[in-house]
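The residues making up each chain are set out below.
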Amino acid sequence: MLGMYREMYRYSRKAGIRYWFAAMERALARSMDKIGFHFVPAGPETNYYGPVAPYVIDLWGLHDSLHFLDSHADDHNAARSTAANPLRRSVCAGSLGDG
């Protein structure tokens, strides 16, 4: 899942998209926070096939979190070299621009 979100981030930065909005369960928001995607509640929780709330994230502040993740990767991800992963290389090198 982390790879998918990194690719979405890369595309969004390239396309000039600053914010993501999502409806999700609180548990998913906490899980995303642990991997560096710090979604902030943007409204009250409601029942939509279970309890969900709207969340927002500012992508301009996300780059530092992704760089942090890369430098503290778990053993599985650490086994992959940055050179072998062009997405990781582009995110860490800051080639996506500053906004």
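Residues numbered from 1 in each chain as written. Predicted model: local features only at pLDDT ≥ 70, side-chain atom pairs only at ≥ 80, totals over all residues. Heavy atoms only, no water.

Colleague: I would appreciate a short explanation of the pattern of salt bridges in the present structure.
Modeller: Pairing is possible between side chains of opposite charge, provided their charged atoms come close. For the coordinates displayed, the defined rule picks out three salt bridges. Note that Asp58 is salt-bridged to Arg18, the shortest N-O span being 2.9 Å. Linking Asp58 in strand 4 (residues 51–58) with Arg18 in the loop between helix 1 (2–15) and strand 1 (19–24), this pair joins segments that are 40 residues apart in sequence. Given a relative accessible area of 28%, Arg18 falls into the partly exposed group. (Salt bridge = Lys/Arg side-chain N within 4 Å of Asp/Glu carboxyl O. Helix = DSSP H or I, 4+ residues; strand = E, 2+ residues; numbered from the N terminus. Buried < 20%, exposed > 50% of the residue type's maximum accessible area, 1.4 Å probe, protein only.)

Colleague: Any chance you could explain unusual backbone geometry here in plain terms?
Modeller: Most peptide bonds take the trans configuration, and most residues that are not glycine carry a negative phi. At Tyr49, a position not held by glycine, the phi torsion is positive, near 55°. Looking at the secondary structure, you find Tyr49 in the loop between strand 3 (46–47) and strand 4.

Colleague: Just checking my understanding: could you explain the environment of Arg13 for this structure?
Modeller: Inspection of the secondary structure puts Arg13 in helix 1. On the basis of relative accessible area, Arg13 is assigned to the buried category, the value being 10%.

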